[in-house]
Amino acid sequence: MFDETIVAIATPEGSGGLAVVRLSGADAVAIANRVFSPGLGRDSASHRAVYGILSTPGCKKNNSSSHEAVVDQVIALPMLAPNSFTGEDTVEFYCHGGTVVSRLVVAACRSAGARPATAGEFTRRAFLHGKMSLDQAEAVADLIHAESEIAARAAIRQLLGGLNRQLVEIEKPLLKLLSHMEGGLEFLDDEVPEVDPGEVAGILKKSIEEITNLLALAPAGRLLRDGIQVVLQGAPNVGKSSLFNELVGTDRAIVDDEAGTTRDVVSSRVVRQGRVFVFHDTAGLRLTSGRVENKGIERTRDAVRRADIVLSLHLAGDTGLGSETGLEDSSAMMVLPIVTKCDLLSRSQISLVEKGAVCTSSVDHSGVEELWAKLDQAVEKFELNKAVSLGVVINERHRFKLESSRAELRLLLEEYKDPECMPGDEVVGTLLASILAQLGEISGRVFSEQLLESVFSRFCIGK
Ligand SMILES: Nc1nc2c(ncn2[C@@H]2O[C@H](COP(=O)(O)OP(=O)(O)O)[C@@H](O)[C@H]2O)c(=O)[nH]1
Ligand SMILES: [Mg+2]
């Protein structure tokens, strides 16, 4: 696979000043020389940019003045192995932007012998050439897709090795223990001293603790990647859609005094102070025989189940705070009580509103800033900053591997609890190898074709 030299546009489609086309592989320089004049030279200097003309191959020398042959004026930048992103010989062409020129540059490179790159293939090659670990490769995708400053900062720190360093620290004593156990099996004549069971238990406990600390950052990882999911919930007509529109700043949801107007979940993203909030307006929960409305209500329950923050709305004058329905099986980390239509209340009635509830009105727009302040406060508790400062963004794949390796570590630790029947080195060795294989898949120290496929297929072409 590495014999092939790949080509793709590395910049987004659309008009822009510049576009970058990247070639990577053993023939990158040779292919570049077939399309680029004056050429990069036989011993092209790495990391030195050269200005010239890019033409369709074959036409370059014989017919360089032909309008049909010339594609663009470009800068070519060779970066030779191993000092490139992929670890292979790479040539980047900086051509004029727009949708046409960069495609013509790719077409010229293909005619000269390159094949189009598949999704994530440049990063996949970088991983396979040992330029980065698998979690760092994932951080490249996180960085590209970051929607907020805080998500971008977390991703760049993970790319610089944040999570990887922690994984290495967890794996080191386990690897040492495994090699000791394996050594013990090879030299049965007592050459290798026995490991003290108490010491083994200590190592296992410490690993469990460190994995637990990483897992505690999993919610922050999800919030950084997907945004903070805020669901508005309450009885029909309480004013959910009106408040949703206030929060997202547009008339996104339909507002009407007819109960049951909102049927589907309407979602909208808001970036505020470098963070992404995703608001979900829902159908009001009530008993109804309407088939479509019931489907909407099912979706509301679903949204509430997956929420990070639920805004639980009550009508001004209603004393039902705290007796909300629909929140029973919510895993939301926070429920904020909101009183709506406060413009309909007198001052004395407002003073009776339960402490902690935010008094809002979509008519005079009051309470919205206070609600934002509460949301900002709530977000502080999710420890996003801790994840950023450690450079640890735990995704679903990492979480799954961390949880399964922790479960196996716990099983192994159980074995050490009974001094009467200590497990043999062989049993411990087998279990340790399995735990290390699970952990190793996070960084890619251990990988299969299937694992790489599932990680890199989510990348875009050109990355
Ligand atoms: N007086 C007053 N009326 C409101 C307020 N918010 C919404 N309404 C009205 O209440 C009705 C239901 O509002 P809507 O946002 O559709 O409620 P939903 O069913 O919970 O989504 C509409 O007629 C709105 O104009 C408010 O803050 N004050
Ligand atoms: Mg509504």
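Residues numbered from 1 in each chain as written. Chains lettered and ligands numbered in written order. Predicted model: local features only at pLDDT ≥ 70, side-chain atom pairs only at ≥ 80, totals over all residues. Heavy atoms only, no water.

Student: In this structure, what is going on with the sheet that holds strand 7 (residues 115-116)? I would like to understand it.
Tutor: Note on sheets: strands pair through backbone hydrogen bonds, and any given pair is parallel or antiparallel. Pairing in this open sheet of seven strands is mixed, and the strands run 3-4-5-6-2-1-7 from one edge to the other. Each edge of the sheet is formed by a strand with only one pairing partner; in this case those strands are strand 3 (36-37) and strand 7. Here helix 3 (residues 121-128) sits on the sheet in contact with strand 1 (6-9), strand 2 (18-24) and strand 7, set at roughly 130 degrees to strand 1. (Pairing = 2+ DSSP bridges. Helix = DSSP H or I, 4+ residues; strand = E, 2+ residues; numbered from the N terminus. Contact = heavy atoms within 4.5 Å. Axes fitted to C-alpha atoms, helices over the stretch in contact; angles between N-to-C directions.)

Student: It is not clear to me how the domain arrangement of the protein chain should be interpreted in this structure. Could you clarify?
Tutor: It is common to give the size of an interface as the accessible area lost on bringing the parts into contact. For the protein chain, the assigned domains are domain 1 (6-117), domain 2 (140-217 + 391-456) and domain 3 (223-382). Counting from both sides, the interface comprises nine residues of domain 2 and, opposite them, seven residues of domain 3. Counting the surface lost from both domain 2 and domain 3, the interface buries some 750 Å², and carbon and sulfur atoms represent 59% of this. When the buried area of domain 2 at its contact with domain 3 is split by residue, Glu147, Ser148 and Ile150 rank highest and sum to 52% of it. At the junction of domain 2 with domain 3, the criterion picks out two salt bridges. The salt bridge involving Arg269 is made with Glu147; its shortest N-O contact spans 2.5 Å. The element contributing the most residues to the side of domain 2 that touches domain 3 is helix 5 (residues 149-159), with four residues. For the side of domain 2 that touches domain 3, the residue count by class is four nonpolar, two polar and three charged. (Domains from an automatic or database assignment. Buried area = accessible area lost by both parts, 1.4 Å probe. Salt bridge = Lys/Arg side-chain N within 4 Å of Asp/Glu carboxyl O. Nonpolar A, V, L, I, M, F, W, Y, C, P; charged D, E, K, R; others polar.)

Student: Is there a simple way to think about the site of ligand 1 in this case?
Tutor: Every one of the 17 residues lining ligand 1 counts as a neighbour, but Lys240, Ser242, Lys341, Asp343 and Ser362 are closest to it. Take Lys341: an N or O atom from its side chain is 2.8 Å from an oxygen atom of ligand 1. Protein burial of ligand 1: of its 570 Å² of free accessible surface, 84% is covered by the chains. Of the residues assigned to the shell around ligand 1, the class counts are six nonpolar, six polar and five charged. (Near = heavy atom within 4 Å. Polar contact = N/O pair within 3.5 Å; in protein donor to acceptor, adjacent residues only side chain to side chain. Areas by Shrake-Rupley, 256 points an atom, 1.4 Å probe, with all protein chains shown as cover.)

Student: Please explain the packing of aromatic side chains as it appears in this structure.
Tutor: Between two aromatic rings, the relevant description is the distance of the centres plus the angle of the planes. According to the stated counting rule, one finds six aromatic pairs in the structure shown. Geometrically, the ring pair formed by Phe127 and Phe447 is edge-to-face, given 5.2 Å between the ring centres and 75 degrees between the ring planes. Here Phe127 is found in helix 3, whereas its partner Phe447 is found in the loop between helix 15 (425-443) and helix 16 (449-456), with 320 residues between them in sequence. The class of Phe447 is partly exposed, set by a relative accessible area of 41%. Seen in terms of ring centroids, Phe279 and Trp372 are 5.5 Å apart; in terms of plane orientation they differ by 85 degrees. Their pairing is edge-to-face. Of this pair, Phe279 sits in strand 10 (residues 275-281) while Trp372 sits in helix 12 (residues 368-380); the two residues are 93 residues apart in sequence, bridging distant segments of the chain. By relative accessible area, Phe279 is classed as buried at 0%. Among the aromatic residues, those joined into a ring-pair cluster are Phe277, Phe279 and Trp372. Between Arg22 and the ring centre of Phe122, over which it is positioned, the NZ or CZ distance is 4.4 Å. (Phe/Tyr/Trp six-rings, centres within 6.5 Å; stacked < 30°, edge-to-face > 60°. Buried < 20%, exposed > 50% of the residue type's maximum accessible area, 1.4 Å probe, protein only. Lys NZ or Arg CZ within 6 Å of the ring centre and 35° of its normal.)

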